[in-house]
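Structure at a glance
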Amino acid sequence: MAGLAANLSAHETLFGRGPRTMWKGGFELEMETMFEQSKRFYEGDNTVANPDNMRMYEATWSPGITYGVTRDFAVKAEFPFMYGVMTGESMGRHSLLSIGNWEVGAAYRIDPLIFGGPLVFEGGSCQLRLFGKAELPTAPERENGISFGEETFTFLGGGAIAIGTARHYFWGEVSGDISTEKDGTGMGPALQSHAAYAWRIQELKDYRELDIILLFELDVEARSKGTMNGDDDPDSGHFTTYLGSGVQVNFTNLISLKTGYNVPLYRRYNGVQLADDGTFMLMFSYLF
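Computed from a predicted model, the values in this text were never measured in an experiment. (Residues numbered from 1 in each chain as written. Predicted model: local features only at pLDDT ≥ 70, side-chain atom pairs only at ≥ 80, totals over all residues. Heavy atoms only, no water.)

1. What about the overall build of the protein chain?
Helices and strands together make up the secondary structure of the protein chain, namely two helices and 17 strands. Over its C-alpha trace the protein chain gives a radius of gyration of 20 Å, about what one expects of a compact globule, namely 19 Å for 288 residues. C-alpha atoms of the protein chain, sized along the principal axes, occupy 60 × 35 × 30 Å. Looking at the protein chain residue by residue over its 288 residues, the buried ones come to 47%. (Helix = DSSP H or I, 4+ residues; strand = E, 2+ residues; numbered from the N terminus. Rg over C-alpha atoms; globule rule 2.2 N^0.38 Å. Buried < 20%, exposed > 50% of the residue type's maximum accessible area, 1.4 Å probe, protein only.)

Here it is as C-alpha cells:
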C-alpha cells in the first residue's frame, strides 16, 4: 500500500508551482493545456467599467519532461507555446501565436538530511523538498496588442511538504519569485502559497486497476508593484486567491490524466487591471 500512496503523491496537484522529485533514472513526459478568459477590469477589490468591451482569450500548451538524476534530485524543463486573442470595440481583433517563456527547474528531497532516510509509515509516506526554477525570456515582447512576455528572467524558489496515504494526500507549498528588468520595466517580486487535498475514491488492490482521485486546492499570491520605464507602475501588483477543484484518473500507475478549474475568490489589484475569470487545465502524463 505504500507504493500506491507514493503514486498518488507522485503526480502532484493541479496548479502547483514547484518541480517534484523522481526515482533515479525515471522519466515523466507530460502535456499540459490551459485556457483563460479575461473580460473584467478591477480597481482595488471592485470591478470597474470596461467601456471598450475588451476581451482577452489565452491558450497555453506546455510539453514538459522530468528526469530523476538520483533518488532525491530531479530536473525538469517546460516549453510552452501560446495563442491569444484580444478584442475591443475600438481596437478590433488582435491575435498572436508564439512561444511562451520556457522554464527549467530542479527539486531536491531533503528527508535524508533530517530523518536519516525517507519518512515512511504503514500505508504512506511524508516527503519534504526544496525546489527552484527559472523562467527564460523566450517569449518575444510586443509594443502593441498582445504580448506574452517582457523579455526578462524570473527566478522562483521554495519548499514543500507532501503527506500521502492509501486514500488521502495533503500538499503544502510556499515559494517566492523575483524578476529582472529590461529598460527599466519588469514585474515586482511575489510570495505564493499553495495547499491541496486529494481523495482516492476507492482503495486499490492492484496498481493496474483504474484509479480515480478528487483534487481540491487553494492558491494565494501577493505581488508588489512592478516598474515601467524606470518608474513604479501604478497598474501592477495584486493580492489574489483562487480555489481549484478537479479529478485525476490513473490508468495503471504510469499513465495519468488530470483536469480541473481554478476560480477566483477574493482579489485586490493596484490601479486598474484586466483580471482573468479563472483557468481551465487538462494534463496528460506518462511515467517510464
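Still to come is the rest of the account.
2. Remarks on the pattern of salt bridges
Going through the model one piece at a time under the given rule, you end up with 12 salt bridges. Residue Arg-268 pairs with Asp-45 through a salt bridge whose shortest N-O separation is 3.7 Å. Here Arg-268, found in strand β17 (residues 255-287), pairs with Asp-45, found in the loop between β1 (27-44) and β2 (46-48); they are 223 residues apart in sequence, far enough to count as distant. According to the relative accessible area criterion, Asp-45 is partly exposed, its value standing at 31%. (Salt bridge = Lys/Arg side-chain N within 4 Å of Asp/Glu carboxyl O.)

3. Remarks on the environment of Val-85
Assignment of secondary structure puts Val-85 in strand β5 (residues 81-88). By relative accessible area, Val-85 is classed as buried at 9%. Separated by 94 residues in the primary sequence, Val-85 and Ser-179 place their C-alpha atoms 26 Å from one another. Apart from the residues lying within four places of it in its own chain, the contact partners of Val-85 are Arg-55, Met-56, Tyr-57, Arg-93, His-94, Ser-95 and Ile-146. (Contact = heavy atoms within 4.5 Å.)

4. Topic: the environment of Gln-37
In this fold, Gln-37 is placed in strand β1. By relative accessible area, which is 29% here, Gln-37 ends up partly exposed. Between the C-alpha atoms of Gln-37 and Ser-90, which are 53 residues apart in sequence, the distance is 19 Å. For Gln-37, the residues in contact, after removing those within four places along its chain, are Met-56, Tyr-57, Asp-276, Asp-277 and Gly-278.

5. Details of unusual backbone geometry
Within the chain, Asp-183 stands out as a residue other than glycine whose phi angle is a positive 55 degrees. Mapping Asp-183 onto the fold places it in the loop between β11 (168-179) and β12 (190-200).

6. Some thoughts on the side chain of Asn-50
Take Asn-50: it is sitting in the loop between β2 and β3 (55-68). In this structure the side chain of Asn-50 is engaged in a polar contact, spanning 3.2 Å, whose partner is the backbone oxygen of Lys-39. Residues contacting Asn-50, with those up to four places away along its chain left out, are Lys-39, Phe-41 and Arg-55. (Polar contact = N/O pair within 3.5 Å; in protein donor to acceptor, adjacent residues only side chain to side chain.)

7. Considering the pairing of β3
Note that β1 and β3 share 12 bridges and pair antiparallel. What sits directly across from Glu-36, in β3, is Glu-58. Bridging between β3 and β5 involves seven bridges; their strand directions are antiparallel. Bridge pairing in β5 places Glu-58 opposite Gly-84. Of the pairings in the sheet, the one linking β3 to strand β4 (residues 73-78) comprises five bridges and is antiparallel in character. (Pairing = 2+ DSSP bridges.)

8. Focus on the pairing of strand β7 (residues 103-109)
Of the two faces of β7, the one holding Glu-103, Gly-105, Ala-107 and Arg-109 is buried and the one holding Val-104, Ala-106 and Tyr-108 is not buried anywhere. Here β4 pairs with β7 via six bridges, running antiparallel. In the sheet register, Phe-73 faces β7, and the bridge partner there is Tyr-108.

9. Remarks on the nonpolar core
Counting 15 residues, the largest nonpolar core has Leu-14, Phe-131, Tyr-169, Trp-171, Ala-198, Leu-215 and Met-281 as the members making the most contacts within it. Judged by nonpolar contacts, the second largest core, of nine residues, contains Phe-41, Met-82, Met-86 and Leu-96. (Core = buried A, V, L, I, M, F, W, Y, C linked by side-chain atoms within 4.5 Å.)

10. Things to note about the confidence of the model for the protein chain
Put simply, the protein chain has an average pLDDT of 88, and 92% of its residues get 70 or more. The secondary-structure element of the protein chain with the lowest mean pLDDT is helix α1 (residues 2-10), recorded at 38, while β2 shows the highest, at 96. When the criterion is pLDDT under 50, residues 1-11 qualifies, and its contacts beyond four places in sequence or with other chains add up to 36 contacts. (pLDDT = per-residue confidence, 0-100.)

11. Observations regarding the packing of aromatic side chains
Per the stated rule, a full pass over the model turns up 10 aromatic pairs. Consider the rings of Phe-27 and Tyr-67, whose centres lie 4.7 Å apart with planes at 40 degrees: the pair is tilted. Note that Phe-27 is positioned in strand β1 and Tyr-67 in strand β3, a separation of 40 residues in sequence. Classification of Phe-27 as partly exposed rests on a relative accessible area of 27%. Judged by its relative accessible area of 31%, Tyr-67 is partly exposed. (Phe/Tyr/Trp six-rings, centres within 6.5 Å; stacked < 30°, edge-to-face > 60°.)

12. Comments concerning the environment of Gly-230
Checked against the element boundaries, Gly-230 lands in the loop between β14 (227-228) and β15 (231-232). In the structure, Gly-230 is positioned 126 residues away from Val-104 in sequence and 28 Å away in space, judged by C-alpha atoms. Once residues within four sequence positions are removed from consideration, Gly-230 is found in contact with Asp-183 and Gly-184.

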